[in-house]
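Observations on the model geometry
Residue strings, one per chain:
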Amino acid sequence: MAEPLNAAAFAPFGDVLAPPAERGRDYFDAGLGNARAGARPSLSMSRVAPLAALPLKATMLERHEFSSQSFVPLDVARWLVIVAPAAPGGGPDAARARAFVAGPGQGITYHVGTWHHGLTVLDREARFAVFMWRDGSHGDEEFVPLSTPFDVVLPD
C-alpha cells in the first residue's frame, strides 16, 4: 500500500525536495552524490504519460550505482515513488519495497545506489527536471527484473 511521501519515512532512500515554507532557499546539497571522478553532471527534462491503470505491477527496479538522481516536478499532479533496500546477496530486496505518493510540490533525490522503480505519474501527464551524474558507462544505470513482482495500490 502506497503511503504519503514525507521526509522521515523516505530518509533511508533519499531526500524529499520541497520549496521552503517562507521566502528564501533551502539547500539539498548533502543528497547529491557522485562516486566517479570522470562523471559529468547531467540535467534532462522528462515528459511522462500517466499510469493507465492501478494497481501497478512492479516487475523491474533500477539503480544508479555511482550517482544520486533528483526529480524536480515542473508540472505534476500526484506521482509514485517506489524504492527498495539492497538485498544481502545483492540486487533489490523487493519484499521490503516501499511505495510513496508524492504531491505536485514534492520532488525527490535518490541516494547513490538506491533501488527504485521508473518514474510513474498518476492523474495526468507530467513534466520533470532530472539531475544525475553520468560518464557514459554501464554504471550509469542498472536494471534488474524482479523474480517476484509486486503490486502497488493506493489507499482508498
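For the structure, see preceding data.
So, here is what we can say about the structure in this document. Since the model is a prediction, treat every value here as computed from it, not as a measurement. (Residues numbered from 1 in each chain as written. Predicted model: local features only at pLDDT ≥ 70, side-chain atom pairs only at ≥ 80, totals over all residues. Heavy atoms only, no water.)

**Here we look at the overall build of the protein**
A tally of regular secondary structure across the protein gives 1 helix and 12 strands. Along the chain direction, N to C, the helices and strands of the protein fall in the order β-α-β-β-β-β-β-β-β-β-β-β-β. What you see for the protein is a C-alpha radius of gyration of 15 Å, in line with the 15 Å of a compact globule of 156 residues. Overall size of the protein, expressed as C-alpha extent along the three principal axes, is 45 × 40 × 30 Å. With 156 residues in all, the protein has 44% of them scored as buried. Considering only intrachain contacts with a sequence separation of at least 6, the fraction spanning at least 24 residues in the protein is 86%. When the accessible surface of the protein is split by element, carbon and sulfur atoms take 55% of a total near 8400 Å². (Helix = DSSP H or I, 4+ residues; strand = E, 2+ residues; numbered from the N terminus. Rg over C-alpha atoms; globule rule 2.2 N^0.38 Å. Buried < 20%, exposed > 50% of the residue type's maximum accessible area, 1.4 Å probe, protein only. Contact = heavy atoms within 4.5 Å. Areas by Shrake-Rupley, 256 points an atom, 1.4 Å probe, with all protein chains shown as cover.)

**Some words on the nonpolar core**
Counting 19 residues, the largest nonpolar core has Phe10, Trp79, Val81, Ile108 and Phe128 as its most contacted members. Those elements that place two or more of their residues in this core are helix 1 (7-10), strand 6 (79-84), strand 7 (98-102), strand 8 (107-110) and strand 11 (126-134). Filtering out sequence-adjacent residues up to four positions away, phenylalanine 10 remains in contact with Leu5, Asp15, Val16, Val81, Val83, Phe100, Ile108, Thr109 and Tyr110. Ranked by size, the runner-up nonpolar core spans 16 residues in total, among them Leu56, Ala58, Ala94 and Leu154. (Core = buried A, V, L, I, M, F, W, Y, C linked by side-chain atoms within 4.5 Å.)

**A look at unusual backbone geometry**
The peptide bond linking leucine 54 to proline 55 adopts the cis configuration, its omega dihedral lying at 0 degrees. Relative to the helices and strands, proline 55 is located in the loop between strand 3 (40-48) and strand 4 (56-63). Unlike most non-glycine residues, aspartate 123 shows phi in positive territory, near 75 degrees. You can see aspartate 123 is positioned in the loop between strand 10 (120-121) and strand 11.

**Points about the packing of aromatic side chains**
All chains considered together, the criterion is met by 7 aromatic pairs. Both rings, one in phenylalanine 10 and one in phenylalanine 100, keep their centres 5.6 Å apart while their planes meet at 90 degrees; by these two values the pair is edge-to-face. Here phenylalanine 10, found in helix 1, pairs with phenylalanine 100, found in strand 7; they are 90 residues apart in sequence, far enough to count as distant. Centre to centre, the rings of phenylalanine 71 and phenylalanine 128 are 6.2 Å apart; their planes meet at 90 degrees, and the pair counts as edge-to-face. With phenylalanine 71 in strand 5 (residues 69-75) and phenylalanine 128 in strand 11, this pair connects stretches of sequence that are 57 residues apart. Judged by relative accessible area, which is 7%, phenylalanine 71 ranks as buried. Classification of phenylalanine 128 by relative accessible area gives buried; the value is 0%. (Phe/Tyr/Trp six-rings, centres within 6.5 Å; stacked < 30°, edge-to-face > 60°.)

**Observations concerning the pattern of salt bridges**
Summed over all chains, the structure comprises 11 salt bridges. One salt bridge connects glutamate 3 with arginine 98, and the closest N-O pair in it is separated by 3.1 Å. Separated by 95 residues along the polypeptide, glutamate 3 in strand 1 (residues 3-4) and arginine 98 in strand 7 bring together distant segments of the chain. Glutamate 3 gets classed as partly exposed once you look at its relative accessible area, which sits at 26%. The partly exposed category is assigned to arginine 98, whose relative accessible area is 29%. Close ionic contact of aspartate 93 with arginine 96 constitutes a salt bridge, the shortest N to O distance being 3.3 Å. (Salt bridge = Lys/Arg side-chain N within 4 Å of Asp/Glu carboxyl O.)

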